Amino acid sequence: MQTVYTDFLVVGAGLAGERAAVEAAEAGFSVVCLSLVPARRSHSSAAQGGMQASLGNSVMGEGDCPDVHFADTVKGSDWGCDQEVARLFADAAPIEMRRLAHWGVPWNRVVPGKSIYYKGGKQYEKVEAKEKEGLIMARSFGGTAKWRTCYTSDGTGHAVMCTMDNRCAEKGVEVHDKTEAIALLQDGETCFGVVARCLRTGELRVYLSKATMIAAGGFGRIYPNTTNAVICDGGAHTMCVNTGVVPMGNMEAVQFHPTGIVPTDILVTEGCRGDGGTLLDVDEKRFMHVYEPEKAELASRDVVSRWMTHHMREGHGVKSPYGEHLWLDIRHLGEEHITGKLREVYEICTSFLGVDPIHQLIPVRPTQHYSMGGVRTNRDGAAYGLKGLFAAGEAACWDMHGFNRLGGNSLAETVVAGGIIGRKVAEYLEGCETEFKTGLINDEVGRQQARIDALISGANGSENVYKVRAAMQEALHKGANIFRTQDGLEKCVAELQEALIRAKKVGLRSNGKGVNPELAAALKLEGQVRLALMVAYGALMRTESRGSHNREDFPARNDRDWLTRTLAYWKKPEDTLPTLEYEPATTVVEIPPGDRGYGHSQIISADDRKE
Amino acid sequence: MSRLLKLNIFRYNPEDELSLPHMQEFVLEETDSMTLFIALNRIREEQDPSLQFDFCCRAGICGSCGMVINGRPGLACHTKTRDLPGEITLLPLPVFKLVGDLSVDTGTWFREMYTKTESWIHTKRIFDPTALEERMDNKDAVAIYELERCVECGCCIAACGTARLREDFLGAASLNRVARFLIDPRDERTEHDYYEIIGNDMGIFGCMGLLACEDVCPKHLPLQNQLGFLRRKMGITSLKRLFRK
């Protein structure tokens, strides 16, 4: 069997992983990134909108600074974030945008003079300053006080991904694509690499490293309707969960994006609303300004998604064969704007829906979009539980997003966190030595081979992997969606426990030879159900509403009892529920909990006495 | 009554000694708004779980799902079955190494291309974290992004007459990449540097001008213009080099 050694191993080759890889490579370390797909196909490339950084170059961003960005982020998180981390992020973001410009990102730039913009369907005029000409421009995004989102048309993620992958090629970072990590190599204290499966041949391969990073993105595919790419299936998370010692943070914090298209769930960017698009109901009337007079369509995502769902429940949804939806209207922005700055949106609507958004309304509904939760790390990106294991980007719970992240903050997080944590990894690697225990490596490879053999021979049973996966997805969809209740979550947990039993009995229908996609799906299924149980059980136990987590039976945000982060462990393989522990949401408090200025108003303060 | 689609799909698993290259027929009932992404996943989940194909974003953004659809390279995810006849033939992209069935290895090919074209900004400037960013005309940024939209799906390579004839031909995606850096004011490479990379039959002078690359590009990149632009630029550079000698 092939064994590859590298100083730094990154599982994932999206923006966070490659940014960290570049940092370590520039410090002189060898780096290998493993990826299911060629790096540029990573889900980072699908982020259309932009990256938040308080450069304040646009006239609409005048007076912006990291303090304002920090405050927006903390409010957006509904005070669930780690404020020290949010501060690190807000301070470093402007420098990172400039660095990316230096490396080759074609950011849109300030064009001086008069131009027109739309807000809430009304037309306004702005005048960009002559002295700012050619500096990095920004656009408006939900939940922000200023225009702060740096962008490249509506292909920001794609453009930055190209630049980052170019930088990796220049710096000699190796990307082993079509390679899937399936188990961590670890002894309960230190992580020293992974066992991976080659997706060109199906063979197992060992990667040994002094430092290993999980940067494999979110796990939206455990839901049936998600904007996430098919590779965002939580596979890398399951490796960490299966160790029993690495906790997942805030798994119940799942973001639903207001504008997934119906029926294919593809995201159309928040930039549509940022640029003045409006939401309409069955009568083609606006409604967001009724619920949120000030921010209207531009309140944070959790708030907009919630009101959309509420409005549909009140009978104002548009009925369709794929369920109810609402309309997104960008017609008034005009052909030039729609085929220019919003070209990807135009292409998605015409190619996948047969809808022409210049003249027609776009069918949308809230759709699973982002995992705030993930591998819990400290502010240096070091995972809890195992030395030598790091995590960054959406895969991690670093935790600058708390219970809701702002549009444009996750794409910015990938590169900012990748840079900060990449430097910390380089520091860790300085003078670091590891012993590789060959017995342990052989045992782990043997264990993985035995799992594969059992799936092929059907030794454990003959459950159909796709049917069990669908049962897991359906349970989450029904019970752990935008609105949650005790009753719904209890049912959800019970259904997932049943799916867990079935997942242990999966057997392949095909012969399992070579790359075999059925085998790839089967290998991660049990771990995925464990992740789903962490989401559902964490949501059941959290008896409050905060950010994206909305309990109809506990509508208030409860800062007295729940200013905490959930840590979910899967301690023993035979467990049927995760073990939950809690830690304070933040140790540093710059902004004490208060009113967000949008969304719910019921707050149980930390000063309120228990009844 | 919806159509019964007949899909003829290329099958071969190089890792299975019993597998031989052949075409296999699948029958599937068409549903509303069906794309080849939906159709192929249904076949895998309901009929043959060993069927290999590549999808990632399924939104026409990532370029994973290039394949030959009724004789024409294209992205499967944004191909609607209602735009196709009832009989659909799917083959893997040529030129790239076959992984199995409809899945090919584009990653290795494109990574080699980055090295050949040195697909990164060449500059002697050092980043100063305390300084304002270098200014750039927005028009330049827009023009660069226009070429950067390439998703490396490989359709232009698979459809290229020259690439089918000679393995070392760079192809439209690579030449477009060179053009992207050539127009970038941050890249300090001269036309002579670029000539070293593409001023030969493996590069711009190998193009026969058939231009299927532009016809099949799912992102509608202006490949024809880029090929013309580079050919003129490199033609002039080649003359200058003659006179210099």
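For clarity, every value in this text was computed on a predicted model and none was experimentally measured. (Residues numbered from 1 in each chain as written. Chains lettered and ligands numbered in written order. Predicted model: local features only at pLDDT ≥ 70, side-chain atom pairs only at ≥ 80, totals over all residues. Heavy atoms only, no water.)

Give a description of helix H7 (residues 191-198) of chain B that names residues and reports values.
Residue and element names in this part refer to chain B. Where H7 is concerned, the buried positions are Tyr194, Tyr195, Ile197 and Ile198. One side of H7 carries all its buried residues, which in axial view fall inside an arc of 160°. In the core, the buried residues of H7 are packed alongside helix H2 (106-117), helix H6 (171-182) and helix H9 (223-244). (Buried < 20%, exposed > 50% of the residue type's maximum accessible area, 1.4 Å probe, protein only. Helix = DSSP H or I, 4+ residues; strand = E, 2+ residues; numbered from the N terminus. Arc of directions from axis to C-beta. Contact = heavy atoms within 4.5 Å.)

Just give me the short version of the interface of chain B and chain A, but keep the residues and values in it.
With 69 residues of chain B at the interface, the matching set in chain A holds 79 residues. For the chain B and chain A pair, buried surface summed over both sides reaches about 5,900 Å², with 51% attributable to carbon and sulfur atoms. At the junction of chain B with chain A, the criterion picks out 11 salt bridges. With a shortest N-O distance of 3.7 Å, B:Asp16 and A:Lys513 are connected by a salt bridge. If one sorts the elements of the side of chain B that touches chain A by residue count, helix H3 (residues 138-148) of chain B sits on top with seven residues. Grouping the amino acids of the side of chain B that touches chain A by side-chain chemistry returns 29 nonpolar, 15 polar and 25 charged. (Buried area = accessible area lost by both parts, 1.4 Å probe. Salt bridge = Lys/Arg side-chain N within 4 Å of Asp/Glu carboxyl O. Nonpolar A, V, L, I, M, F, W, Y, C, P; charged D, E, K, R; others polar.)

Just give me the short version of the pattern of salt bridges, but keep the residues and values in it.
Tallied over the full model, the rule gives 80 salt bridges over all chains. Note that A:Arg87 is salt-bridged to A:Asp67, the shortest N-O span being 2.9 Å. One end of the pair, A:Arg87, is in helix H3 (residues 83-103); the other, A:Asp67, is in helix H2 (residues 66-76), and 20 residues separate them in sequence. Taking relative accessible area as the criterion, A:Asp67 reaches 45% and is therefore assigned partly exposed. Ionic pairing is found between B:Asp184 and B:Arg180, a salt bridge with its closest N-O pair at 2.9 Å. Since its relative accessible area comes to 1%, B:Arg180 is described here as buried. Salt bridges linked by common partners bring A:Asp78, A:Glu252, A:Asp302, A:Arg306, A:Arg542, A:Glu544, A:Arg546, A:Arg557, A:Asp559 and A:Arg596 together as one network.

If you had to explain the nonpolar core to someone new, which residues and values would you point to?
Residues A:Val194 and A:Ile214 are the most contacted members of the largest nonpolar core, which totals 79 residues. If you tally residues by element for this core, the top one is helix H15 (residues 517-541) of chain A, at 15 residues. In contact with A:Val194, not counting residues within four places along its chain, are A:Leu9, A:Val11, A:Leu34, A:Ala181, A:Ala183, A:Leu184, A:Leu185, A:Arg205, A:Val206, A:Tyr207, A:Thr212 and A:Met239. With 69 residues, the next largest nonpolar core counts A:Cys232, A:Ile266, A:Val345 and B:Ile61 among its residues. (Core = buried A, V, L, I, M, F, W, Y, C linked by side-chain atoms within 4.5 Å.)

Lay out the sheet that holds strand E3 (residues 51-52) of chain A with the relevant residues and their values.
Residues and elements named next belong to chain A. The strand order across the open sheet built from three strands is E3-E7-E6, with neighbouring strands paired in antiparallel fashion. Single-partner strands in this sheet number two, and they are E3 and strand E6 (138-139). As paired strands, E6 and strand E7 (residues 149-150) are joined by two bridges and run antiparallel to one another. From the neighbouring strand, Ala138 faces E7, where its bridge partner is Cys150. (Pairing = 2+ DSSP bridges.)

Requested: an account of unusual backbone geometry, with residues and values cited.
Put simply, A:Val262 and A:Pro263 share a cis peptide bond, and its omega is 15°. Take A:Pro263: it is sitting in the loop between strand E13 (254-261) and helix H6 (271-274). Phi angles above zero are rare outside glycine, and A:Glu284 is one such case at about 55°. Mapped onto the elements, A:Glu284 comes out in the loop between strand E14 (278-280) and helix H7 (288-291). Even without glycine at this site, B:His220 takes up a positive phi of about 50°. Within the secondary structure, B:His220 sits in the loop between helix H8 (212-216) and H9.

Run through the side chain of B:Thr35, naming residues and quoting values.
Looking at where B:Thr35 falls in the secondary structure, it is placed in the loop between strand E2 (22-29) and helix H1 (36-46). If near-sequence neighbours (up to four positions away) are discounted, B:Thr35 is found in contact with B:Cys77, B:Thr79, B:Lys80 and B:Thr81.

Explain the sheet that holds E14(A) to me, and be specific about the residues and the numbers.
All names here are of chain A. Spatially, E13-E16-E15-E14 is the arrangement adopted by the four strands of the open sheet, whose pairing is antiparallel. On the outer flanks of this sheet lie E13 and E14, each paired with one strand and no other. Taking each pair of neighbouring strands and ignoring which way they run, the sheet shows an average axis angle of 45°. Note: strand E15 (residues 326-329) against strand E16 (residues 362-371), three bridges, orientation antiparallel. (Axes fitted to C-alpha atoms, helices over the stretch in contact; angles between N-to-C directions.)

Let's hear about the packing of helix H1 (residues 15-26) of chain A against helix H11 (residues 409-429) of chain A: which residues, and what values?
Between two packed helices, what matters for the description is the angle formed by their axes and the separation of those axes. All names here are of chain A. Where H1 meets H11, the axes come as close as 7 Å, and the angle between the chain directions of the two elements is 30°. The angle between H1 and H11 falls in the class roughly parallel. Where H1 crosses over H11, the two elements pack in a sense that is right-handed. Contact residues: Leu15, Ala16, Arg19, Ala20, Glu23 and Ala24 in H1; Leu411, Thr414, Val415, Gly418, Gly419, Gly422 and Arg423 in H11. Residues that form the contact of H1 with H11 fall into these classes: six nonpolar, four polar and three charged. (Parallel < 35°, antiparallel > 145°, perpendicular 65-115°, else oblique. Left-handed = near helix turned anticlockwise from the far one by under 90°.)

Residues and numbers for the pairing of strand E9 (residues 179-186) of chain A, please.
All names here are of chain A. Of all eight residues in E9, eight are buried; the element is thus mostly enclosed. Here six bridges tie E9 to strand E10 (residues 191-198), and the two strands are oriented antiparallel to one another. Of the residues in E10, the one forming a bridge with Gln186 is Cys191. Taken together, E9 and the strand that follows it, E10, pair antiparallel across an intervening segment of four residues, in which Gly188 is found at a positive phi of about 90°.

Account for the environment of B:Cys57, naming residues and giving values.
Tracing the sequence through the fold places B:Cys57 in the loop between H1 and strand E3 (66-69). Between the C-alpha atoms of B:Cys57 and B:Glu30, which are 27 residues apart in sequence, the distance is 22 Å. Setting aside residues up to four positions removed in sequence, B:Cys57 forms contacts with A:Ala229 and B:Cys62.

Could you give me a rundown of the side chain of A:His549, with the residues and numbers involved?
Residue and element names in this part refer to chain A. Relative to the helices and strands, His549 resides in the loop between H15 and strand E21 (550-551). For His549, a relative accessible area of 0% puts it in the buried group. When neighbours within four sequence positions are excluded, His549 is seen to be in contact with Glu252, Phe403, Arg484, Ala539, Arg542 and Glu544.

Any details on the packing of aromatic side chains? Residues and values, ideally.
For the structure on display, the rule yields 14 aromatic pairs over all chains. Centre to centre, the rings of A:Phe192 and A:Phe436 are 6.0 Å apart; their planes meet at 55°, and the pair counts as tilted. In this pair, A:Phe192 sits in strand E10 while A:Phe436 sits in the loop between H11 and helix H12 (438-457), placing the two residues 244 residues apart along the sequence. Note on A:Phe436: relative accessible area 27%, which makes it partly exposed. Joined through ring pairs, the aromatic side chains of A:Tyr5, A:Phe192 and A:Phe436 make up one cluster. Across from the ring centre of A:Tyr151, 4.1 Å away, lies the NZ or CZ of A:Arg139, which sits over that ring. Here the basic side chain of B:Arg44 rests over the ring of B:Phe53, its NZ or CZ set 3.9 Å away from the ring centre. (Phe/Tyr/Trp six-rings, centres within 6.5 Å; stacked < 30°, edge-to-face > 60°. Lys NZ or Arg CZ within 6 Å of the ring centre and 35° of its normal.)

Tell me what's going on with the environment of A:Thr226, and back it up with residues and numbers.
Tracing the chain through its elements places A:Thr226 in the loop between strand E11 (204-214) and helix H5 (235-241). C-alpha separation for the pair A:Thr226 and A:Glu413, spaced 187 residues apart in sequence, amounts to 21 Å. The residues contacting A:Thr226, other than those within four sequence positions of it, are A:Gly220, A:Arg221, A:Asp265, A:Thr367, A:Gln368 and B:Arg58. A polar contact of 2.7 Å, which involves the side chain of A:Thr226, links it to the side chain of A:Gln368. (Polar contact = N/O pair within 3.5 Å; in protein donor to acceptor, adjacent residues only side chain to side chain.)

Residue-level account of helix H4 (residues 156-171) of chain A, with values.
Since one α-helical turn is 3.6 residues long, residues separated by three or four positions face the same way. Compared with an ideal rise of 1.5 Å per residue, which puts 16 residues at 22 Å, H4(A) spans 22 Å between its outermost C-alpha atoms and is within 8% of the ideal. Of all 16 residues in H4(A), 13 are buried; the element is thus mostly enclosed. (Expected span 1.5 Å × (residues − 1).)

Any details on the state of the cysteines? Residues and values, ideally.
Under the counting rule described, the total for this entry stands at zero disulfides over all chains. As a non-bridged cysteine, A:Cys198 has A:Cys33 as the owner of its nearest cysteine sulfur, 16 Å distant. Looking at B:Cys207, it has no disulfide partner, and the nearest cysteine sulfur is the one in B:Cys213, 6.5 Å off. On the accessibility criterion, B:Cys207 (17% relative accessible area) is buried. (Disulfide = S-S within 2.5 Å.)

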